[in-house]
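Observations on chain architecture
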Amino acid sequence: MTVSFATAPPLSASRVMAVMEESQDDIFIIDRRNIVEYMNPPAYRALGFSAAPVGRPLRNCFSSSAWPEIEQDINHARRAQRPVYRERSIPFAQRERWMGAWLTPIDDDNGERTSVMGIARDITQRHELAQLLAEQHNLFEALITASPIGILLLNGASDWMCELSNPVARQMAGATWIDGAGLDDAWPALAQAVTPILAAACRSDGSSTADVDVSSRHFSVTAVRLRLPGRPGNRVLLLVTDVTDRRALEQQLLHADKMDAIGRLAGGIAHDFNNLLTPILGYTDLVSSTLAADDARRRDLEEVATAARSATALTRQLLTFSRKQVTKPSAIDLNDVIRSLHGIVRRTIGEDISVIMDLSPTLHRTVADRNQIEQVVMNLCVNARDAMPLGGTLTISTANTALTHASCGMLGSVPPGEYATLTVSDSGTGMPPEVQAHIFEPFFTTKGPGKGTGLGLSIVHGIVKQAGGCISLTTAQGRGTSFAMYFPRTDADVAVSRDEAARPVPRANGGETVLVVEDNEGLRRLAERLLRNGGYRTIAAQNAGEALELARSFSGKIDLLLSDVVMPDVDGVTLANQLTRQRPTMRVLFMSGYTGADVARHTVLPHHAALLQKPFTRDSLLCALRTVLDAAPREGAANS
Ligand SMILES: Nc1ncnc2c1ncn2[C@@H]1O[C@H](COP(=O)(O)OP(=O)(O)OP(=O)(O)O)[C@@H](O)[C@H]1O
Ligand SMILES: [Mg+2]
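Since this is a predicted model, take the numbers as computed values, not measurements.

Thoughts on the overall build of the chain
Of regular secondary structure, the chain possesses 18 helices and 22 strands. A compact globule built from 640 residues would reach a C-alpha radius of gyration of about 26 Å, whereas the chain, at 45 Å, exceeds it by more than 25%. Based on the C-alpha atoms only, the size of the chain along its principal axes is roughly 150 × 60 × 50 Å. For the chain, long-range pairs separated by at least 24 residues make up 60% of all intrachain contacts whose partners lie at least 6 apart in sequence. In the structure as shown, the chain presents an accessible area of about 33,700 Å², 54% of it carried by carbon and sulfur atoms.

Focus on the sheet that holds strand β21 (residues 587-591)
Strand order in this open sheet of 5 strands is β19-β18-β20-β21-β22, and the pairing throughout is parallel. The open sheet terminates on both sides in strands that have one partner only, identified here as β19 (537-541) and β22 (610-612). Geometrically, the sheet is characterised by an average inter-axis angle of 25° between neighbouring strands, direction not taken into account. The pairing of β21 with β22 spans 3 bridges and is parallel. Looking across to β22, one finds that L589 is bridged to A610. Sitting on the sheet, helix α15 (residues 521-533) touches β18 (513-517), β19 and β20 (560-564), and the angle it makes with β19 is about 170°. Set on the sheet, helix α17 (residues 572-582) makes contact with β18, β20 and β21; between it and β20 the angle comes to about 160°.

Let's talk about the side chain of D571
Checked against the element boundaries, D571 lands in the loop between β20 and α17. Here V573 takes part through its backbone nitrogen, which lies 2.9 Å from a polar atom of the side chain of D571.

A few points about the site of ligand 1
Residues in close proximity to ligand 1 total 19 residues, the closest being N383, T445, T446, K447 and T453. Within the side chain of T445, one N or O atom sits 2.5 Å away from an oxygen atom of ligand 1. In the environment of ligand 1, an oxygen atom lies 3.2 Å from a nitrogen or oxygen atom belonging to the backbone of G456. Protein burial of ligand 1: of its 590 Å² of free accessible surface, 90% is covered by the chains.

Points about the packing of aromatic side chains
Under the definition given, this model contains 5 aromatic pairs. Centroid distance Y85 to W102: 5.3 Å. Interplanar angle 50°. Geometry classified as tilted. Here W102 lies in strand β4 (residues 96-106) and Y85 lies in strand β3 (residues 84-91), a separation of 17 residues in the sequence. Since its relative accessible area comes to 45%, W102 is described here as partly exposed.

Remarks on unusual backbone geometry
For N34, which is not glycine, the phi torsion reads 65° and is therefore positive. Along the chain, N34 falls in the loop between β1 (26-30) and β2 (36-39). The phi angle at S215 is positive, at roughly 45°, despite the residue not being glycine. As for its placement among the helices and strands, S215 is situated in the loop between β8 (207-214) and β9 (217-228).

Here we look at the side chain of D285
Tracing the sequence through the fold places D285 in helix α8 (residues 244-290). Buried D285, no salt bridge; nearest opposite-charge side chain is R618, N-O distance 4.4 Å. Ignoring sequence-local partners within four residues, the contact set of D285 consists of T617, R618 and D619.

A few points about the nonpolar core
I373, L394, F483 and M485 are the most contacted members of the largest nonpolar core, which totals 45 residues. The element best represented in this core is helix α11 (residues 370-387), accounting for 7 residues. Mapping this core onto the domain boundaries places at least three of its residues in each of domain 3 (247-321) and domain 4 (330-490). Judged by nonpolar contacts, the second largest core, of 27 residues, contains A173, I197, L198 and A223.

Re the sheet that holds β2
Read across the sheet, 5 strands follow the order β2-β1-β5-β4-β3 without closing on themselves; strand pairing throughout is antiparallel. Every other strand in the sheet has two partners, leaving β2 and β3 as the edge strands with one partner each. Strand after strand, the sheet turns through a mean of 25° between neighbouring axes, direction not considered. Pairing of β1 with strand β5 (residues 115-122), which is carried by 5 bridges, proceeds in the antiparallel orientation. Each bridged residue has a counterpart across the sheet, and for I27 the counterpart in β5 is I119. Lying on the sheet, helix α3 (residues 67-80) is in contact with β1, β3, β4 and β5; it crosses β3 at an angle near 170°. Along the sheet face, helix α4 (residues 124-146) touches β3, β4 and β5 and points at about 120° away from the line of β4.

Looking at the pairing of β2
The pairing of β1 with β2 spans 3 bridges and is antiparallel. Its bridge partner lying in β2, I29 is registered against Y38. Hairpin remark: β1 followed by β2, antiparallel, with 5 residues in the connecting loop; positive phi at N34, about 65°.

Overview of the environment of V382
Counting through the fold element by element, V382 comes out in helix α11. Judged by its relative accessible area of 24%, V382 is partly exposed. Note: C-alpha distance between V382 and A540 (158 residues apart in sequence) is 44 Å.

Side note on the packing of α15 against helix α18 (residues 618-630)
The N-to-C vectors of α15 and α18 enclose an angle of 70°; their axes lie 10 Å apart at closest approach. The orientation of α15 with respect to α18, classified from their angle, is roughly perpendicular. α18 is crossed by α15, and the crossing has right-handed handedness. Two secondary-structure elements touch here, α15 through A527, L530 and L531 and α18 through R618, L621, L622 and L625.

A look at empty space enclosed by the protein
Scanning all chains against the criterion turns up 1 cavity of 30 Å³ or more. For the largest cavity, the calculated volume is near 260 Å³. Looking at the largest cavity, it is lined by 18 residues, and the ones nearest its centre are F28, F62, I90, A101 and A120. Of all elements in the fold, only β1, α3, β3 and β4 reach the threshold of two or more residues within the lining of the largest cavity. At 4 residues, the largest contribution of residues to the lining of the largest cavity is made by β4. Class assignment for the residues of the lining of the largest cavity results in 13 nonpolar, 1 polar and 4 charged.

Details of the domain arrangement of the chain
Many authors give the size of an interface as the accessible area that is lost as the parts come together. Split into domains, the chain comes out as domain 1 (15-128), domain 2 (147-242), domain 3 (247-321), domain 4 (330-490) and domain 5 (504-630). Relative placement of domain 2 and domain 4: their C-alpha centres are 45 Å apart.

Calculation criteria
- Residues numbered from 1 in each chain as written.
- Chains lettered and ligands numbered in written order.
- Predicted model: local features only at pLDDT ≥ 70, side-chain atom pairs only at ≥ 80, totals over all residues.
- Heavy atoms only, no water.
- Helix = DSSP H or I, 4+ residues; strand = E, 2+ residues; numbered from the N terminus.
- Rg over C-alpha atoms; globule rule 2.2 N^0.38 Å.
- Contact = heavy atoms within 4.5 Å.
- Areas by Shrake-Rupley, 256 points an atom, 1.4 Å probe, with all protein chains shown as cover.
- Pairing = 2+ DSSP bridges.
- Axes fitted to C-alpha atoms, helices over the stretch in contact; angles between N-to-C directions.
- Polar contact = N/O pair within 3.5 Å; in protein donor to acceptor, adjacent residues only side chain to side chain.
- Near = heavy atom within 4 Å.
- Phe/Tyr/Trp six-rings, centres within 6.5 Å; stacked < 30°, edge-to-face > 60°.
- Buried < 20%, exposed > 50% of the residue type's maximum accessible area, 1.4 Å probe, protein only.
- Lys, Arg positive; Asp, Glu negative; His and termini not counted.
- Salt bridge = Lys/Arg side-chain N within 4 Å of Asp/Glu carboxyl O.
- Core = buried A, V, L, I, M, F, W, Y, C linked by side-chain atoms within 4.5 Å.
- Domains from an automatic or database assignment.
- Parallel < 35°, antiparallel > 145°, perpendicular 65-115°, else oblique.
- Left-handed = near helix turned anticlockwise from the far one by under 90°.
- 1 Å grid on protein atoms, 1.4 Å probe; cavity = no way out; pocket = protein on both sides within 12 Å on 5 of 7 lines; lining within 4 Å.
- Points joined across faces, edges and corners; volume = space filled by probe spheres on them.
- Nonpolar A, V, L, I, M, F, W, Y, C, P; charged D, E, K, R; others polar.

Next comes the structure, spelled out in structure tokens:
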């Protein structure tokens, strides 16, 4: 079908002129030399003229900096012989404005298409809006890109299409691109886990949060119902935080707290128990020494003493676990300790198990209590033996390890640095996760009644912690177990170890005076009695103040101070320092005892201090006393 229109008569030139003059757009016409042929009022006013600059070059209407680009655009239109559109910022008389202009080649009077008509419009406002929008978009992009939280914008009631995601979310999902895909396809494991909270957020028209486990990681996920003005649809913003590391740390802290609480309890019991055992052992000794050698009651008393010594061993273990035991750390070479234990390890584990020792020849030294390290190695070896009932291989190795920030994060509580590592591995049964979770707790054992106390590893844990180290465990059921212990490196020289047990028990001798300072009255009286029995003179005080007073008024020589380490008010170490200043030749022997949880810092003795473990027996007391009294005097202070 053909539609025909009646041909309208052409507009008169005056009407065309009127249209141009009244137009709100800026209109101009220039000839082939860019001389202005026409310019309407809005245009010339904007350019700062009161009348059209007809006959003048257009370049004179603009600043010299703006003109070259305008000229370029005009020439472009002329060359192309078609209209071109350009947007430019142009400095006008009053202010800079963004202009959008159509430049259209038109015929000149000779019918040649060399003139150009320009129709320009102020687009400053639109331009500023676009710029603002772009800035906001960039800001938005930057924010969601920088966010450490995974962000997903989901749309749809059932298939939850990802409209938008940030890099963290894509990384968590293990996908490079998920925008436009359904959550089911993009991140199937998460999709399943979050269905309930997506539904809950929609139902409540608010937000819903849950912790979900996805592909062995823990996520905290929040779904927020989103209403976007002008954009229909059912949208939910999903915020996903990976809390795996935080969870692990929480577990560690919880575990540490629990161990600490158990430690305090165990330490408290052990202390009181120790104070009861000391008189039991002491008075047994005393009574025994008054009986004739063939008196049958001696054997009965020996039974009492044996039982008390077993109890002593148990309390010592508890004190070690609770880290309340007074230790004498010194620089040691772990290799030395291990080598010295080779024989006893061999005998302990039996013939079905082969022992491999792989010791680093350049091992860092570390600061620890040698006896305690022996205890660590023995406990681990015994456990390894029990885990290999059908035989296997026990490997004890040492190595130097430099822990970085990253590796420390995995190990928990030690700072980065150089460590000497001691590893005890076996090819035994290994442990399932439910056993691994509890092995460091005291009294946790999987061994039958009477077979294990469950104290072994809790003691190992306590000792390693006390030495400033940490333990890592690698095990899997049926695949053996490996305990790696990291001890901080020291550059101090290894002290020459003295074999205390090899020395004969000295009998009491000569009339020396001992100042006994002990706040427990029973213990103080016992110590005095044992000492007097052993031929010493004693003076006694129940605290540091009293001891200082006594020492001041005592005119004779005090040969030795026998003091408890931790006492109310002033501790034994401080007292010893004060007294040896007044009496430089006086020797010092500390007795170790329980420390309250808050005075644990007192438990590290000066490097050269002599120490008598409680509960003590007559022999151990007299033996320690002689050792200290007979030692060559040290320079400076006595033996503090
Ligand atoms: N090398 C190992 N292989 C497999 N399981 C182990 C190993 N070491 C420890 N365990 C597990 O850890 C538990 C706790 O060990 P721990 O040394 O604290 O106590 P125990 O050996 O049972 O008793 P105790 O050492 O007091 O005689 C053990 O009962 C055992 O289940
Ligand atoms: Mg054990």
